[in-house]
Amino acid sequence: MSTTLTVLNTATVSDVSLGGDSTSAYVYPVSIGLPSAFDGTLFYIEVKYGSTWRRILETNGATKAFTLYASGLIPIDVDTIKSIRGRQFRIVCGTTQTADRTFEVFYEKLD
């Protein structure tokens, strides 16, 4: 199954993903399909904990950045999947976009 997240023209933050309710507790994002055009080269993932959005970090404390490749497919590593697990998340671009950019998020349901 998949859904889309869109970063609108002149924005850096996408709309919000699935998650945050009992029906999505076992739904995990496993990869992200990238748009065919994009301003900049990096994006980040933020996860919602309570009412606070937090960026996913590397084990050394640095912000985990994903490099963009036009029309590419980025697999999401296991540690990131565990951080997101059932929670709402969004994509944050490192650069303001000059057109709407749509990312396709592919999910897997694990019971």
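In what follows, the structure referred to is the one given above.
Small disclaimer: the values here were computed from a predicted structure and weren't measured.

*Asks:* Sorry, what's going on with the overall build of the protein here?
*Replies:* Regarding its fold elements, the protein presents 1 helix and 8 strands. Ordered by position in the sequence, the α and β elements of the protein form the string β-β-β-β-β-β-α-β-β. For the protein, the C-alpha radius of gyration of 13 Å lies close to 13 Å, the compact-globule estimate for 111 residues. In terms of principal-axis extent, the alpha carbons of the protein reach across some 40 × 30 × 25 Å. In the protein, which comprises 111 residues, the share counted as buried stands at 39%. Taking as baseline every contact in the protein between residues at least 6 positions apart, the subset at least 24 positions apart corresponds to 80%.

*Asks:* What is the right way to look at the nonpolar core in this model?
*Replies:* Side chains of a nonpolar character, in soluble globular proteins, are inclined to be buried together. By size, the foremost hydrophobic cluster in this structure holds 23 residues, and its most contacted members are Ile 32, Leu 34, Phe 43, Ile 45, Phe 89 and Phe 103. Only strand E1 (2–7), strand E2 (27–33), strand E3 (42–49), helix H1 (78–84), strand E7 (89–93) and strand E8 (101–109) provide two or more residues apiece to this core. Setting aside residues no more than four positions away along its own chain, Ile 32 makes contact with Phe 43, Ile 45, Gly 72, Leu 73, Ile 74, Ile 76, Ile 91, Phe 103 and Glu 104.

*Asks:* Which parts of the structure should I look at to understand the environment of Asp 39?
*Replies:* In this structure, Asp 39 sits in the loop between E2 and E3. In this structure Asp 39 comes out as buried when scored by relative accessible area, which is 18%. Separated by 16 residues in the primary sequence, Asp 39 and Arg 55 have C-alpha atoms spaced 20 Å apart. Excluding anything up to four places from it in sequence, Asp 39 contacts Thr 95, Thr 96, Gln 97, Thr 98, Ala 99 and Arg 101. For Asp 39, the side chain forms a polar contact with the main-chain nitrogen of Thr 98, separated by 2.6 Å. A distance of 3.0 Å separates the side chain of Asp 39 from the side chain of Arg 101, its partner in a polar contact.

Quick notes on the rules
Residues numbered from 1 in each chain as written. Predicted model: local features only at pLDDT ≥ 70, side-chain atom pairs only at ≥ 80, totals over all residues. Heavy atoms only, no water. Helix = DSSP H or I, 4+ residues; strand = E, 2+ residues; numbered from the N terminus. Rg over C-alpha atoms; globule rule 2.2 N^0.38 Å. Buried < 20%, exposed > 50% of the residue type's maximum accessible area, 1.4 Å probe, protein only. Contact = heavy atoms within 4.5 Å. Core = buried A, V, L, I, M, F, W, Y, C linked by side-chain atoms within 4.5 Å. Polar contact = N/O pair within 3.5 Å; in protein donor to acceptor, adjacent residues only side chain to side chain.

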